[in-house]
Amino acid sequence: MNDLKNMTEKERIKTYVSKYLSYIENLDYEKAYNLLDDNFKQNYFKTIEEFETYAKNLYPDIIIVEYEEMQRQGKYFILYLNIVDALGEKETITQKFIVYELDYNDFIISFEVI
Amino acid sequence: MLLDLRLKIYQFFKKNKNKIIIFLIIIGIIYLVNQYLKHYDFQAIPSTTYNPDTPIMVTEGEEVPSNLKEPIYALIEEYFDACNEKDYEKAYSLLTEDCKQDLFPELDDFQTYVDQIFNGEKVYTVQNYYNEEDKYVYRLRIFEDILATGLTGEDELGYRTEVITMHNTGEGMKLSVNGYIERQEIDLAIYEDDNVRITIESLKKEYEKETYTVKAYNKTEYQLLLMDHTMNRDQITLQLNAEVRVVKNNVNNDIIISPSETEEFELEFTKYYHETDISRGIHFNALRFIKSFPIVYDEEGNPQNTIENYAVTLNMQE
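Residues numbered from 1 in each chain as written. Chains lettered and ligands numbered in written order. Predicted model: local features only at pLDDT ≥ 70, side-chain atom pairs only at ≥ 80, totals over all residues. Heavy atoms only, no water.

Mind showing me how you'd approach the overall build of chain A here?
Tallying secondary structure elements over chain A gives 5 helices and 4 strands in all. Reading chain A from its N terminus to its C terminus gives the helix and strand order α-α-α-α-α-β-β-β-β. Compactness check: chain A gives a C-alpha radius of gyration of 14 Å against a globular reference of 13 Å for 114 residues, within 12% of the reference. A burial count over chain A gives 46% of its 114 residues as buried. Surface accessibility of chain A: about 5,800 Å² in total, with carbon and sulfur atoms responsible for 44%. (Helix = DSSP H or I, 4+ residues; strand = E, 2+ residues; numbered from the N terminus. Rg over C-alpha atoms; globule rule 2.2 N^0.38 Å. Buried < 20%, exposed > 50% of the residue type's maximum accessible area, 1.4 Å probe, protein only. Areas by Shrake-Rupley, 256 points an atom, 1.4 Å probe, with all protein chains shown as cover.)

Can you walk me through the overall build of chain B in this structure?
Each helix and strand counted, chain B has 7 helices and 15 strands in total. In terms of overall size, chain B is more extended than a compact globule, its C-alpha atoms giving a radius of gyration of 33 Å where 318 residues would be expected to give roughly 20 Å. Principal axes of the C-alpha set define a box for chain B whose edges measure 125 × 55 × 35 Å. Contacts spanning at least 24 positions in sequence make up 60% of the contacts within chain B whose residues lie at least 6 apart. Accessible surface, chain B: about 18,400 Å² in total, of which carbon and sulfur atoms supply 49%. Side chains of chain B give 31 positive and 58 negative charges; the mean places of these two sets differ by 16 Å. (Contact = heavy atoms within 4.5 Å. Lys, Arg positive; Asp, Glu negative; His and termini not counted. Charge placed at Lys NZ, Arg CZ, Asp CG, Glu CD.)

I'm lost on the interface of chain A and chain B in this one. Help?
Interface size is often expressed as the accessible area that is lost when the parts come together. Each side of the interface is counted separately: chain A has 28 residues, and chain B has 28 residues. Taking both sides of the interface into account, the surface hidden between chain A and chain B amounts to around 2,100 Å²; carbon and sulfur atoms contribute 54%. Applying the counting criterion to the chain A and chain B interface returns 0 salt bridges. On inspection of chain A and its partner chain B, the count reaches 12 residue pairs in polar contact (both at pLDDT 80 or more). Counting only elements with at least two residues in the side of chain A that touches chain B, the list comes to helix H2 (9-25), helix H4 (38-44), strand S1 (63-73), strand S2 (76-85), strand S3 (93-103) and strand S4 (106-111) of chain A. (Buried area = accessible area lost by both parts, 1.4 Å probe. Salt bridge = Lys/Arg side-chain N within 4 Å of Asp/Glu carboxyl O. Polar contact = N/O pair within 3.5 Å; in protein donor to acceptor, adjacent residues only side chain to side chain.)

Help me understand the sheet that holds S2 of chain A in this model?
Hydrogen bonding along the main chain pairs the strands of a sheet, whether they run parallel or antiparallel. All names here are of chain A. Reading across from one edge, S1-S2-S3-S4 is the order of the 4 strands in this open sheet, with antiparallel pairing throughout. Single-partner strands in this sheet number two, and they are S1 and S4. Adjacent strand axes in the sheet meet at a mean angle of 30° when their direction is disregarded. (Pairing = 2+ DSSP bridges. Axes fitted to C-alpha atoms, helices over the stretch in contact; angles between N-to-C directions.)

Teacher, can you tell me more about a nonpolar patch on the surface here?
Residue and element names in this part refer to chain B. Together, Ile21, Ile25, Ile29, Val33, Tyr36 and Leu37 give the surface a local cluster of nonpolar side chains, amounting to about 570 Å² of exposed area. Structurally, valine 33 can be placed in helix H2 (residues 17-39). Overall, valine 33 belongs to the partly exposed group, its relative accessible area being 43%. (Patch = residues over 30% accessible without salt bridge, like charges linked within 9 Å, V, L, I, M, F, W, Y side chains within 5 Å.)

Take a look at the structure:
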């Protein structure tokens, strides 16, 4: 938490995305799922099983994140990421993430479903 | 000597016992408070570069008063929620009377406006633009609920910009939308001679423009031409302190007053609400009294068959 307080706003937002992706990498799908916006879950992943299937198919086992661009609209952040397979087995994915920070380490995420 | 010193110390403590005790208690309290503050984890607000309350349209502008920020944001949220829920009556009730009369005389008009913007669940961001007296102008950016969609299927975020104004009235906070600010009655802006009487009746202020309602009475037996769309638009101009603005009206809009008739018409000029230059008057560069139509122009572009041709200015400031 103190680390977050010492970060700039942009650094915090990137940290939140990294946290989400690290949960995926560690196969901790429940924690990752709990970070998602409720309406987003209703629209795309009504159950955690659906989300887990999607994440397993899409994301590589070991993730390298390349931040291409970050925009803000008020309190909403839109990040354009390249998700690279460190092992080279899966193709690089370009994906948009939406982050909304409520407080330190309290945030909501959604992403472009591809 | 040592005995004397000890005696003096003893007498000192005995004489000032109460003061010493109070002093020690104060020191103890200060110490405890200091320890508490050192270890207590205050809930700091996350730092951000987003400053919605800072007016961005002027370099040094009047800030929104602290006691009004919460009511303003509450009203914006209430209005927005009502629009999202298609509770047209509730949203309509939050508007100023001027805004209703000028933009949405009927609830149906407002419903059409809302439906055009709220074609699905929307979210918004706000940014203060400019503040003056009891009016606080904000920019809303309205877009789909991107947390709900993740921008799936969209290359980038599309949004609609709306300018709204919060009015701190005697009956509480109200708002006006679609760039509308207010209507003002204009007194003392009159020109009259033997041929014509022209009055500026009122001004509709919007964030990007000023629209004047003007009434002209042609006293003569000739046609009075105020605006000819085939000629330069500087026939009618808005006079500011430092510059002049030409009228914006529809390019095919002639202004012709028949003999002994009165016509009311609108003149629109570009003028941003945050501009400090004051509108001083409206200048009619060519009041042309024509014997008959069509008008025939000579090589220099001067209308022939014209009885009289002169300019007048109606001043709005004393």
